[in-house]
Amino acid sequence: MHRSKTALNLLQRLDRLRTASSGSLISRQMHMVVVAQSAHSRLLWSERSTHGLQVRNFSTEKDTARVEEPTENEKKLTLELEELRKESIELTEKVKSLDDKYKRALAESENIRRRLTKQIDDAKQFGIQGFCKDLLEVADILGHATEAVPKEEISDKNPHLKNLFEGLTMTRQQLNSVFKRHGLETVNPMNEKFNPNLHEALFQQEVANVEPNTVVVVSKIGYKLHDRCIRPALVGVTKG
């Protein structure tokens, strides 16, 4: 009987030892699992810290669900803004085109004004050109008449001839004075260099000790009106 109780006690102790050992084993296994999970978590945190830029590129379903589509009013406002932008571009181009046309019109009107002003000034100065040309023949006739009178015949012995000559001379002087007052001047280029703008060469001749292209004969004097030649002088020049 005593042996049976001792054996029973031994069996109970063995059961307690087994239970304790199994509990210790389970706790060790749990501790290892916790340690492994903690290490895994640290590893994941380290990878996320190292590759943070890559992790931030992803979004969860909740974040995707938060993105809202634009409303109808927003769509209308966007379309209106786009139309206004296009209209603004078109109006800017039109303004540039009109500004360019306006500047061109101003420049053209200024050129027209200058041309008209010059034409008016020329008309004032040279409007009498045709009338002056007609009077030049009268001046030539008076010149020939006064030059044709022999100087020795002009004396008190011939009072009629003397009075006529003085009258012609005074008329010629008065006519030349009127010409000069209106800008008409004579061109008498004796012993001057030949100028094709004011002179017309009729012939050439050799003259000693005179430079070539020098006017040595004036067959008919010329006239110019305000520096514009209205009749060239008819001359003879030396040979080159």
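Residues numbered from 1 in each chain as written. Predicted model: local features only at pLDDT ≥ 70, side-chain atom pairs only at ≥ 80, totals over all residues. Heavy atoms only, no water.

As a further point, take the pattern of salt bridges. When their charged atoms lie close together, side chains carrying opposite charge are able to pair. Under the defined criterion, the tally for this structure stands at nine salt bridges. In this structure, Lys118 and Asp122 form a salt bridge, with 3.1 Å as the shortest nitrogen-oxygen distance. In this pair, Lys118 and Asp122 are both assigned in helix H4 (residues 72–126), four residues apart and thus about one turn of the helix distant. Through salt bridges with shared partners, a single network forms among Glu110, Arg113 and Arg114. (Salt bridge = Lys/Arg side-chain N within 4 Å of Asp/Glu carboxyl O. Helix = DSSP H or I, 4+ residues; strand = E, 2+ residues; numbered from the N terminus.)

Right, let's talk about the sheet that holds strand S4 (residues 222–225) for a bit. Reading across from one edge, S1-S4-S5 is the order of the three strands in this open sheet, with antiparallel pairing throughout. Edge strands, defined here as strands with exactly one partner in the open sheet, are strand S1 (184–187) and strand S5 (228–231). Neighbour-to-neighbour, the strand axes of this sheet turn through a mean angle of 35°, independent of strand direction. Relative to S5, S4 runs antiparallel, the two sharing three bridges. Across the sheet, Lys224 pairs through a bridge with Cys229, a residue of S5. (Pairing = 2+ DSSP bridges. Axes fitted to C-alpha atoms, helices over the stretch in contact; angles between N-to-C directions.)

Our focus in this paragraph is the packing of aromatic side chains. Within this structure, the stated rule accounts for one aromatic pair. Ring plane angle 80° and centroid distance 6.1 Å describe the contact between Phe179 and Tyr223, whose orientation is recorded as edge-to-face. Taken together, the residues span a long stretch of sequence, with Phe179 in helix H6 (residues 159–181) and Tyr223 in strand S4 at a distance of 44 residues. Accessibility expressed as a relative area gives 4% for Phe179, which makes it buried. The lysine or arginine in question, Arg228, covers the ring of Phe126, its NZ or CZ lying 3.6 Å from the ring centre. (Phe/Tyr/Trp six-rings, centres within 6.5 Å; stacked < 30°, edge-to-face > 60°. Buried < 20%, exposed > 50% of the residue type's maximum accessible area, 1.4 Å probe, protein only. Lys NZ or Arg CZ within 6 Å of the ring centre and 35° of its normal.)

Before going further, it helps to examine H6. Here H6 spans 33 Å end to end across 23 residues, near enough to the 33 Å set by a 1.5 Å rise per residue. Regarding H6, the residues found buried are Phe165, Leu175 and Phe179. (Expected span 1.5 Å × (residues − 1).)

Together, Ile112, Leu116 and Ile120 make up a nonpolar patch on the protein surface, roughly 250 Å² of accessible area in all. Residue position: Leu116 is located in helix H4. (Patch = residues over 30% accessible without salt bridge, like charges linked within 9 Å, V, L, I, M, F, W, Y side chains within 5 Å. Areas by Shrake-Rupley, 256 points an atom, 1.4 Å probe, with all protein chains shown as cover.)

Time to look at unusual backbone geometry. Phi is positive for Asn213, which is not a glycine, with a value near 60°. As for its placement among the helices and strands, Asn213 is situated in the loop between strand S2 (199–205) and strand S3 (215–220). Assessed through its relative accessible area of 40%, Asn213 is described here as partly exposed. The phi torsion at His226 lies on the positive side, around 50°, for a residue other than glycine.

A word on a negative patch on the surface. A cluster of acidic residues, Glu80, Glu83, Glu87 and Glu90, forms a negative patch on the protein surface. You can see Glu90 is positioned in helix H4. (Lys, Arg positive; Asp, Glu negative; His and termini not counted. Charge placed at Lys NZ, Arg CZ, Asp CG, Glu CD.)

What follows is about the side chain of Thr146. Take Thr146: it is sitting in helix H5 (residues 129–148). The exposure class assigned to Thr146 is buried, which follows from its relative accessible area of 7%. Leaving out residues up to four positions away in the same chain, Thr146 has contacts with Lys151, Phe165, Leu168, Thr169 and Arg172. (Contact = heavy atoms within 4.5 Å.)

Function cannot be read off these values alone, since they describe shape.
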